[in-house]
Amino acid sequence: MSKYEFTLPSSSGEDFHSAEHLPLIVYFYPKDSTPGCTTEGLDFNARLDQFKALGYTVVGISRDGVKAHQNFCAKQGFRFELLSDKDETVCKMFDVIKLKKLYGKESLGIERSTFVLNEAGEIAHEWRKVKVAGHAQEVLETVSASSPA
């Protein structure tokens, strides 16, 4: 099991160092301010206190810039940070850049995915090809079940 460690610019205006926020829930999403990504963010935001109570930090990652992230957070009232991975370094680390088809056109984009990193920075749980409905709750139930508390 390899260790996942990264630093990305954050919607907070600071750099986010993953090693300083373990255990960590990282969800990758395609684009700020789109319907599915908004719903997913709101679902994680609604459960943020429960994740925090279990000791987890939650972050979202997309290829959008910090300014777009800040606008998205402000508009939606997200209480967690969104990280900007414009050059796809972290996306590639987690292998979430996939060929996607939209309206018959193919393009490379982020496949909606979520990873739980444990205290050692290793992947404890992962979800790929995520469907938004019920996903944040499923992640919460998974980390609750595996929590030492």
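Right, let's walk through the structure included here. Note that the coordinates shown come from a computational prediction; the quantities given were computed from them, not determined experimentally. (Residues numbered from 1 in each chain as written. Predicted model: local features only at pLDDT ≥ 70, side-chain atom pairs only at ≥ 80, totals over all residues. Heavy atoms only, no water.)

### So, the sheet that holds strand S5 (residues 81–84)
Reasoning step 1: Spatially, the five strands line up as an open sheet ordered S5-S4-S3-S8-S9, and their pairing is mixed. In this open sheet, the two strands that pair with only one neighbour each are S5 and strand S9 (123–127). Taken pair by pair, the neighbouring strands of this sheet meet at an average axis angle of 20°, ignoring direction.
Reasoning step 2: In this sheet, S9 lies alongside strand S8 (residues 113–117) in antiparallel orientation, the contact comprising four bridges. Each bridged residue has a counterpart across the sheet, and for Phe-115 the counterpart in S9 is Glu-126.
Reasoning step 3: Helix H1 (residues 35–46) contacts strand S3 (24–28), strand S4 (57–62) and S8 of the sheet and is inclined by roughly 165° relative to S3. (Pairing = 2+ DSSP bridges. Helix = DSSP H or I, 4+ residues; strand = E, 2+ residues; numbered from the N terminus. Axes fitted to C-alpha atoms, helices over the stretch in contact; angles between N-to-C directions. Contact = heavy atoms within 4.5 Å.)

### Some thoughts on helix H5 (residues 135–146)
Reasoning step 1: With 12 residues, H5 extends 17 Å between its outermost C-alpha atoms, agreeing within 8% with the 16 Å of an ideal straight helix rising 1.5 Å per residue.
Reasoning step 2: Along H5, the residues that are buried comprise His-135, Ala-136, Val-139, Leu-140 and Val-143. For H5, the angular spread of buried residues about the axis comes to 140°, placing them on one side. (Expected span 1.5 Å × (residues − 1). Buried < 20%, exposed > 50% of the residue type's maximum accessible area, 1.4 Å probe, protein only. Arc of directions from axis to C-beta.)

### Looking at the pattern of salt bridges
Reasoning step 1: This structure, assessed with the given rule, holds nine salt bridges.
Reasoning step 2: A salt bridge links Lys-3 to Glu-5; the shortest N-O distance between them is 3.8 Å.
Reasoning step 3: Since its relative accessible area comes to 53%, Lys-3 is described here as exposed.
Reasoning step 4: Residue Glu-5 is classed as partly exposed on the basis of its relative accessible area of 46%.
Reasoning step 5: Connected through salt bridges with shared partners, the residues Arg-63, Glu-88 and Lys-92 form a single ionic network. (Salt bridge = Lys/Arg side-chain N within 4 Å of Asp/Glu carboxyl O.)

### A closer look at the nonpolar core
Reasoning step 1: Residues Ile-25, Phe-44, Phe-51, Val-58, Phe-80 and Leu-82 are the most contacted members of the largest nonpolar core, which totals 21 residues.
Reasoning step 2: Elements that contribute at least two residues to this core include exactly S3, H1, helix H2 (48–53), helix H3 (66–76) and H5.
Reasoning step 3: Apart from the residues within four sequence positions on either side, Phe-44 is in contact with Ile-25, Tyr-27, Phe-51, Val-58, Phe-80, Thr-114, His-135, Ala-136 and Val-139. (Core = buried A, V, L, I, M, F, W, Y, C linked by side-chain atoms within 4.5 Å.)

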